[in-house]
Amino acid sequence: DAKTTQPTSMDCAEGRAANLPCNHSTISGNEYVYWYRQIHSQGPQYIIHGLKNNETNEMASLIITEDRKSSTLILPHATLRDTAVYYCIVRPPDDKIIFGKGTRLHILP
Amino acid sequence: NAGVMQNPRHLVRRRGQEARLRCSPMKGHSHVYWYRQLPEEGLKFMVYLQKENIIDESGMPKERFSAEFPKEGPSILRIQQVVRGDSAAYFCASSPGSPHEKLFFGSGTQLSVL
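The following refers to the structure shown.

Let's shift gears to the pattern of salt bridges. All names here are of chain A. With the rule as written, the count across this model stands at seven salt bridges over all chains. A salt bridge links E31 to K3; the nearest nitrogen and oxygen atoms lie 2.7 Å apart. Placement of E31 in the loop between β2 (18–23) and β3 (32–38) and of K3 in the segment before β1 (9–13) is noted, with a sequence separation of 28 residues between them. With a relative accessible area of 33%, K3 lands in the partly exposed category. The salt bridge partner of R37 is D82, with a shortest N-O separation of 2.8 Å. Residue R37 is found in strand β3, and its partner D82 is found in the loop between β7 (70–75) and β8 (84–91); the two are separated by 45 residues along the sequence.

Right under this line is the structure:
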């Protein structure tokens, strides 16, 4: 079973920052937080992952709270192509990824 | 560097036939994962393999389903005596195998059982 809780859906205006929250209150010390997204029936796409520190790459930023019980994925300038289901996942090293229901993000023109 | 390749993209089978789904991991990747996605549902883990070894098959149905990842060649997900409920998208992912490595997913195989 997925160990994360995410909103079922969210809307964001095109060009604005999309902030997707995730709760993972039972996360263990060696578990990483991963974010993937799935754009309409395509294979899931890796976005970003982190352990304790905030992370940033060309796609997004990941903000993890100090107690590691929650995190936020930030898409700085959302476009229509960012419309997708976003999955927040906690994963022990060397283990499989278990997907939950994710957040369906709608980018509005 | 080619991505994860899955074939066929679409597979149609009649009830009772066998379905074979192939997955070629990215170059240098030795770990393969299979997931199933039923219509309007989430991705469900099926099996995790390394070369010639099944590491975790906790998500595989006990009957009719099998998977392999031979020393040479692609990983194969095999479904015997397919039923309509097997109709789904099947996704394969690969990783190099190092801890914390991200998974790269293929485009999936859409299986339709008539």
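Pairing between the strands of a sheet comes from backbone hydrogen bonds, and it takes one of two forms, parallel or antiparallel. Residues and elements named next belong to chain B. With antiparallel pairing, four strands are arranged side by side in an open sheet as β1-β3-β8-β7. Each end of this open sheet is capped by a strand with a single partner; those strands are β1 (5–7) and β7 (65–68). Here the average twist between neighbouring strands, direction ignored, is 15°. One ladder, built from four bridges, connects β7 with strand β8 (residues 75–79); its direction is antiparallel. Across the sheet, F65 pairs through a bridge with I79, a residue of β8.

Moving on, we come to the sheet that holds strand β5 (residues 55–56) of chain A. Here we have four strands laid out as an open sheet, ordered β2-β7-β6-β5 (chain A), and antiparallel in their pairing. Both outer strands of the open sheet, β2 and β5 of chain A, are each paired with one neighbouring strand and no more.

Across the boundary between the two partners, chain B contributes 19 residues, which contact 19 residues of chain A. The contact between chain B and chain A buries some 1,600 Å² in all, and 56% of this surface belongs to carbon and sulfur atoms. Our count for the contact surface shared by chain B and chain A stands at one salt bridge. Our count for the chain B to chain A interface comes out at six residue pairs in polar contact (both at pLDDT 80 or more). Where the side of chain B that touches chain A is concerned, the elements lending two or more residues are β4 (31–37) and β5 (43–50) of chain B. In terms of residue class, the side of chain B that touches chain A is built from nine nonpolar, seven polar and three charged.

Structurally, R91(A) is set in strand β8. A polar side-chain atom of R91(A) sits 2.6 Å from the main-chain carbonyl oxygen of D95(A). From its side chain, R91(A) meets the backbone oxygen of E101(B) in a polar contact 2.8 Å long.

Turning our eyes to something else, we now look at the state of the cysteines. Each disulfide consists of one covalent bond between the sulfur atoms belonging to two cysteines. Applying the stated criterion across every chain, the model contains two disulfides over all chains. Between the sulfur atoms of C22(A) and its disulfide mate C88(A) the distance is 2.1 Å. Taking the torsion about the sulfur-sulfur bond, which here is approximately -80°, the covalent link between C22(A) and C88(A) counts as left-handed. Linking C22(A) in strand β2 with C88(A) in strand β8, this pair joins segments that are 66 residues apart in sequence. Judged by relative accessible area, which is 1%, C88(A) ranks as buried. Between the sulfur atoms of C23(B) and its disulfide partner C92(B) the distance amounts to 1.7 Å. Of note, the bridge from C23(B) to C92(B) carries an S-S torsion of about -50° and is left-handed in sense. Linking C23(B) in strand β3 (residues 19–24) with C92(B) in strand β9 (residues 88–95), this pair joins segments that are 69 residues apart in sequence. Here C12(A) stays unpaired: no disulfide links it, and the sulfur of C22(A), its closest cysteine neighbor, is 18 Å away.

Each value, and the rule that gives it
- Residues numbered from 1 in each chain as written.
- Chains lettered and ligands numbered in written order.
- Predicted model: local features only at pLDDT ≥ 70, side-chain atom pairs only at ≥ 80, totals over all residues.
- Heavy atoms only, no water.
- Salt bridge = Lys/Arg side-chain N within 4 Å of Asp/Glu carboxyl O.
- Helix = DSSP H or I, 4+ residues; strand = E, 2+ residues; numbered from the N terminus.
- Buried < 20%, exposed > 50% of the residue type's maximum accessible area, 1.4 Å probe, protein only.
- Pairing = 2+ DSSP bridges.
- Axes fitted to C-alpha atoms, helices over the stretch in contact; angles between N-to-C directions.
- Contact = heavy atoms within 4.5 Å.
- Buried area = accessible area lost by both parts, 1.4 Å probe.
- Polar contact = N/O pair within 3.5 Å; in protein donor to acceptor, adjacent residues only side chain to side chain.
- Nonpolar A, V, L, I, M, F, W, Y, C, P; charged D, E, K, R; others polar.
- Disulfide = S-S within 2.5 Å.

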